[in-house]
Amino acid sequence: MADQATAPAPNPDKLMSFMFKLVGDLGAMASIGPMLIGEKLGLYKALAEGNPVTPEELANATHTNERYVREWLCSQAASGFVDHDATSGRFHMTPEQAAALGHENSPFYFLGAIEMAVAMVRAEPQILEAFRTGQGVGWHEHDACLFRATERFFRPGYMRHLITEWIPAMEGIKAKLDAGASVADVGCGHGASTILMAQAFPNSKFHGFDYHGPSIESARKAAAAAGLGDRCVFDIATAKDFPGNDYTLVAFFDCLHDMGDPAGAARHVHSALAKDGAWMVVEPAAGDNVSDNLNPIGRIYYSASTFICTPASRAQEVGLGLGAQAGQARLTEVIKSGGFSSVRRAAETPFNMVLEARP
Ligand SMILES: C[S@@+](CC[C@H](N)C(=O)[O-])C[C@H]1O[C@@H](n2cnc3c(N)ncnc32)[C@H](O)[C@@H]1O
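Per chain, residues are indexed from 1 in the order of the written sequence. Local features in this predicted model are restricted to residues whose pLDDT is 70 or higher, and side-chain atom pairs enter the listing and the counts only when it is 80 or higher, whereas totals over whole chains, interfaces and linings include all residues. Side-chain calculation: all heavy atoms of the structure are included, whereas hydrogens and water are not.

Caption draft 1: Region of the structure containing the nonpolar core. One finds Leu-162, Trp-166, Phe-253 and Met-280 to be the most contacted residues of the largest nonpolar core, which totals 71 residues. Numbering of helices and strands runs from the N terminus; a helix is a DSSP stretch of H or I covering at least four residues, while a strand is a stretch of E covering at least two. Sort the elements by how many residues they give to this core and helix α9 (residues 145-169) lands first, with 11 residues. Those residues in contact with Met-280 that sit more than four places away from it in its chain are Leu-162, Trp-166, Ile-167, Met-170, Leu-249, Val-250, Ala-251, Phe-252, Phe-253, Val-354 and Leu-355. Ranked by size, the runner-up nonpolar core spans 31 residues in total, among them Ala-184, Ala-239, Phe-252 and Leu-322. For this analysis, a nonpolar core means a set of buried residues of the types Ala, Val, Leu, Ile, Met, Phe, Trp, Tyr and Cys, connected via side-chain atoms within 4.5 Å. Think of it in three bands: with a 1.4 Å probe and only protein chains considered, a residue is buried below 20% of the maximum accessible area for its type, exposed above 50%, and partly exposed in between. Residues are treated as being in contact if the distance between any of their heavy atoms lies within 4.5 Å.

Printed below as a string of structure tokens:
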């Protein structure tokens, strides 16, 4: 390795532009705390629902302190998360800012993802140790904010695409679910995908499975709140031992790569499916080569994969460690090793690819 004395001197222009990029990134990192506060105190919600406000008006509406709110509003305006009118001194949200930051049920809601970054920072001591030892850090060993954040990060995408695009893209599956069929949602976490499907297909039965007990508890509460009765049930099980057979559809949402033995999971899914059934594998969008993924979305996934997905896989048997950017070719290899005869990309979004595997 070249030491500082012998290393080539940096090009001053390139150095400055790199420093500007880092300043922008630091601004994003410094926004995490203000974003958490803005959501928890209802500041974004009040801005999204109301007229342009002064700091005092927003503080009054949210029962918060004007001085803090004023500083917060300036940070948000500097971030481009709210707009500031220099003449009136008021702040407001555009419809686009409100859709992403102000309305929790919007399919574009973004704030759910923020706690994922918090979970990653909290896990830093364990991950640092894992780098040294090569051991895993189980999904269940993370701070509980990860489980909430995961559901809230993925749910808006499922709301936008699952019922209207992804299921119709799976050959013949929508008609079967309309008529009445049995579905397993494995690695279901808090059950966001299971519940959306159960609401859309009232003649079908949905069974969510996850090895993580607290997530199953949350999923049960959410299903009860949605009034889905025994058409949508949740149980603790792993991807290699979940019960039932003759499923028309088995779905894995953003979880195959988190598993230690995805090939073993593929074998079990193969044995649990009906002959004309399908396995829907929703995975993070990724190309097959590292260079395909060196973009803003790959940046998020590779970072999360370093702190969450790869350690989760390494904490389980086999510990394959596919990583969150495995790409379709590698995923197809793993899926086919479980006995599946065909795998095709049925749908995609900027964040996800949807693979359809057939026995
Ligand atoms: C990234 S989360 C996705 C959760 C959910 N599918 C969603 O989209 O919101 C990964 C999930 O896989 C679950 N998981 C990991 N390994 C598993 C295994 N071997 N068997 C069953 N579930 C597993 C975790 O507990 C976690 O809930």
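Caption draft 2: Just the pairing of strand β5 (residues 232-236), in detail. Note: two strands are recorded as paired if DSSP finds a minimum of 2 bridges between them. In this sheet, β5 lies alongside strand β4 (residues 205-210) in parallel orientation, the contact comprising 5 bridges. Paired with His-207 across the strands is Val-233, a residue of β5. When the strands point away from the viewer and the path from the first strand over the helix to the second turns clockwise, the crossover is right-handed. Regarding topology, helix α12 (residues 213-225) serves as the crossover connection from β4 to the parallel β5, and that connection is right-handed.

Caption draft 3: Looking closely at the sheet that holds strand β9 (residues 352-358). If you walk across this open sheet you meet the 7 strands as β5-β4-β3-β6-β7-β9-β8, and the pairing is mixed. At either margin of the open sheet sits one strand with a lone partner, and together these are β5 and β8 (342-348). Taken over all neighbouring pairs, the strand axes of this sheet differ in orientation by 20 degrees on average, direction set aside. The pairing of strand β3 (residues 182-186) with β4 spans 5 bridges and is classified as parallel. Considered in β4, the bridge of Ser-182 is made with Lys-205. Working convention: axes come from line fits to C-alpha atoms, limited for helices to the stretch in contact. Angles between N-to-C directions cover 0 to 180 degrees. Contacts from α12 reach β4 and β5, with the element oriented near 170 degrees to β5.

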